[in-house]
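Each chain, written out:
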Amino acid sequence: QLLHFDLRRVAALLERLGNPHLAAKTVHIAGTKGKGSIAAMVASALTASGYTTGLYTSPHLHSYNERIRIDNVLITDAAIVALVEKLKPEIERVNQEATYGMLTTFEVTTAIAFEYFRSRGVDFQVIETGLGGRLDATNVVNPEVTVISSISLDHTAVLGNTLAKIAAEKAGIIKPGKPVISSPQPDEADEVIAQTCREKGSNLIRVGPACRSPQGTAGEPDVTWEFLGNADERQSLLVEGRLGSYDLNIPLLGRHQLDNAAAAVATLEVLQEKGFRVSTDSIVRGLAGVDWPGRLQVLGRKPLLVVDGAHNGESAAKLRQALQEYFTFDRAILIIGVSVDKDLPGIIKELA
């Protein structure tokens, strides 16, 4: 049975709380792959810029607390308990009326994040969508800038079985007149995003490699990256932004992270244009210090043990490419676990 998504019940709960989601400046990020990495990079750079920054992501690796953090400090158990107790009567009231259906766990978690960020007086909140975008519980915010990371086939039962349909759901977070950053997209996804931007009067800023492959995005990138090399589980790149050049060194491996880093830079440049104090130095420092485990993470050297959260065919292909490009080995053992709704044949086909 598919969940019944309706933004009005989240809005009803947030209204009862005094609309905490509107208290901070917001960066809103959707996409299939890379949205968590981009969110972590943007948040890290905003913290380095001296802003108190909330980061809301999902799912978590080890503990629920990872979903909600301020300046990379996870929310405490005590704070979660206090917020649940505070929100409980309001949640029960919305559920009793059930005008638009019952609140989901993710919707409640989203409300907890907004209330926590407001209670701590954050300057910025970097918000990652859970699933899709248009009807995602987070799509109640009024963002300064919107980001759409790489789109591929995932959650097809809910979001649709074509790239165009999935892109339309993700592009549902685009707000009138608010700038949009887009990672490299398949042509049919790029067309949907570009069309939505035209309809909403939103400036579209595309990101991509300086030397583009023939099957690249439909539009030329406005912000480009060039790979400079990798060593010690870090990689270097030069990003040519719209406002300046950035010599970056990031603790995340894989070519896809170069796209993500450039998207983060493009996002931060928009905030700079809007008058926020985000310097080249704070961008470089923020991205150098980003902490985002579980993505091509080296857990051991003898033997080499690498973990990654790839969970669709597209990301499995990028994982395979990265393993061959960034590591030296003569044989490999794959240990994999996936939930039942994932495309196991597609993942295995790429990795095998």
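What counts, and where the lines are drawn
- Residues numbered from 1 in each chain as written.
- Predicted model: local features only at pLDDT ≥ 70, side-chain atom pairs only at ≥ 80, totals over all residues.
- Heavy atoms only, no water.
- Helix = DSSP H or I, 4+ residues; strand = E, 2+ residues; numbered from the N terminus.
- Polar contact = N/O pair within 3.5 Å; in protein donor to acceptor, adjacent residues only side chain to side chain.
- Contact = heavy atoms within 4.5 Å.
- Core = buried A, V, L, I, M, F, W, Y, C linked by side-chain atoms within 4.5 Å.
- Buried < 20%, exposed > 50% of the residue type's maximum accessible area, 1.4 Å probe, protein only.
- Phe/Tyr/Trp six-rings, centres within 6.5 Å; stacked < 30°, edge-to-face > 60°.
- Patch = residues over 30% accessible without salt bridge, like charges linked within 9 Å, V, L, I, M, F, W, Y side chains within 5 Å.
- Areas by Shrake-Rupley, 256 points an atom, 1.4 Å probe, with all protein chains shown as cover.
- Salt bridge = Lys/Arg side-chain N within 4 Å of Asp/Glu carboxyl O.
- Pairing = 2+ DSSP bridges.
- Expected span 1.5 Å × (residues − 1).
- Axes fitted to C-alpha atoms, helices over the stretch in contact; angles between N-to-C directions.
- Left-handed = near helix turned anticlockwise from the far one by under 90°.
- Nonpolar A, V, L, I, M, F, W, Y, C, P; charged D, E, K, R; others polar.

Observations regarding the side chain of Asp136
(1) Moving on: You can see Asp136 is positioned in the loop between β5 (124–128) and β6 (145–148).
(2) Moving on: A polar side-chain atom of Asp136 sits 2.9 Å from the main-chain amide nitrogen of Gly130.
(3) Moving on: With sequence-adjacent residues up to four places away left out, Asp136 is seen in contact with Leu7, Phe106, Thr129, Gly130 and Leu131.

Describing the nonpolar core
(1) Moving on: Core analysis: the largest hydrophobic core is formed by 43 residues, its most contacted members being Leu46, Val126, Ile181, Val239, Leu268, Leu271 and Leu287.
(2) Moving on: Ranked by the residues each element gives to this core, the list is headed by helix α8 (residues 255–273), at ten residues.
(3) Moving on: Not counting residues up to four positions away in its chain, the partners in contact with Leu287 are Met41, Ala45, Leu248, Asn249, Ile250, Pro251, Ala261, Val265 and Leu268.

Notes on the packing of aromatic side chains
(1) Moving on: According to the stated counting rule, one finds six aromatic pairs in the structure shown.
(2) Moving on: Relative to Phe106, the ring of Tyr56 has its centre 6.0 Å away and its plane inclined at 25°; by these criteria the two rings are stacked. Taken as a pair, Tyr56 in strand β2 (residues 53–56) and Phe106 in helix α4 (residues 105–119) lie far apart in primary sequence, 50 residues in all.
(3) Moving on: Tyr56 sits in the buried class, given a relative accessible area of 1%.

Description of a nonpolar patch on the surface
(1) Moving on: Taken together, the side chains of Leu334, Ile336, Val338, Leu344 and Ile348 present a nonpolar region at the surface, about 370 Å² in accessible area.
(2) Moving on: Residue placement: Ile348 occurs in helix α11 (residues 344–351).

Details of the side chain of Asn312
(1) Moving on: Positionally, Asn312 belongs in the loop between β13 (304–307) and α10 (313–326).
(2) Moving on: Only 3.0 Å separates the side chain of Asn312 from the side chain of Ser152, close enough to count as a polar contact.

Thoughts on the pairing of β5
(1) Moving on: Judged by how many residues are buried, β5 sits mostly within the fold: five of five residues are covered.
(2) Moving on: Here β5 shows no split at all, with Phe124, Val126 and Glu128 on one side and Gln125 and Ile127 on the other all buried.
(3) Moving on: Where strand β1 (residues 25–30) meets β5, five bridges bridge the pair, whose relative direction is parallel. Bridge assignment links His28 to a residue of β5, and that residue is Ile127.
(4) Moving on: For β2 and β5, the ladder comprises four bridges, and the chain directions are parallel. Paired with Leu55 across the two strands is Val126, which belongs to β5.

Quick word on α8
(1) Moving on: Helix length check: α8, at 19 residues, gives a terminal C-alpha distance of 28 Å against a target of 27 Å (1.5 Å per residue), a fit within 8%.
(2) Moving on: Judged by how many residues are buried, α8 sits mostly within the fold: 15 of 19 residues are covered.

A word on the packing of helix α6 (residues 163–170) against helix α7 (residues 187–200)
(1) Moving on: Their axes nearest at 8 Å, the elements α6 and α7 cross at an angle of 35°. The two elements α6 and α7 meet at a crossing, and its hand is right-handed. On α7, the residues touching Leu163, Ala164, Ala167 and Ala168 of α6 are Glu188, Ala189 and Val192.
(2) Moving on: Classifying every residue of the contact of α6 with α7 gives six nonpolar, no polar and one charged.

Concerning unusual backbone geometry
(1) Moving on: Each neighbour pair has its own omega, and for Ser58 with Pro59 the value is -10°, a cis peptide bond.
(2) Moving on: With respect to the helices and strands, Pro59 occurs in the loop between β2 and β3 (68–70).
(3) Moving on: At the junction of Lys302 and Pro303, the peptide bond is cis and its omega measures out at 0° in the coordinates.
(4) Moving on: Secondary-structure assignment places Pro303 in the loop between β12 (297–301) and β13.
(5) Moving on: Within the chain, Asp232 stands out as a residue other than glycine whose phi angle is a positive 55°.
(6) Moving on: Mapped onto the secondary structure, Asp232 falls in the loop between β9 (223–231) and β10 (234–240).
(7) Moving on: The class of Asp232 is exposed, set by a relative accessible area of 71%.
(8) Moving on: Non-glycine residue Glu233 carries a positive phi angle of around 60°.
(9) Moving on: Summarising the element assignment, Glu233 is placed in the loop between β9 and β10.
(10) Moving on: Here Glu233 falls in the partly exposed class, since its relative accessible area comes to 34%.

Some thoughts on the environment of Ala164
(1) Moving on: Topologically, Ala164 is positioned in helix α6.
(2) Moving on: Residues Ala164 and Val192, spaced 28 residues apart in sequence, show a C-alpha to C-alpha distance of 6.4 Å.
(3) Moving on: Residues contacting Ala164, with those up to four places away along its chain left out, are Glu188 and Val192.

Some points on the sheet that holds strand β7 (residues 180–182)
(1) Moving on: Here eleven strands make up an open sheet; going across it, the order is β4-β3-β2-β5-β1-β6-β7-β8-β9-β10-β11 and the pairing mixed. Where the open sheet ends on each side, the last strands, each with one partner, are β4 (73–74) and β11 (245–250).
(2) Moving on: Each of β1, β2, β5 and β6 touches helix α2 (residues 35–48); the most contacted strand, β5, lies at about 175° to it.
(3) Moving on: On top of the sheet, α8 reaches β1, β5, β6, β7, β8 (204–209), β9, β10 and β11; it is set at about 135° to β9, its chief contact.

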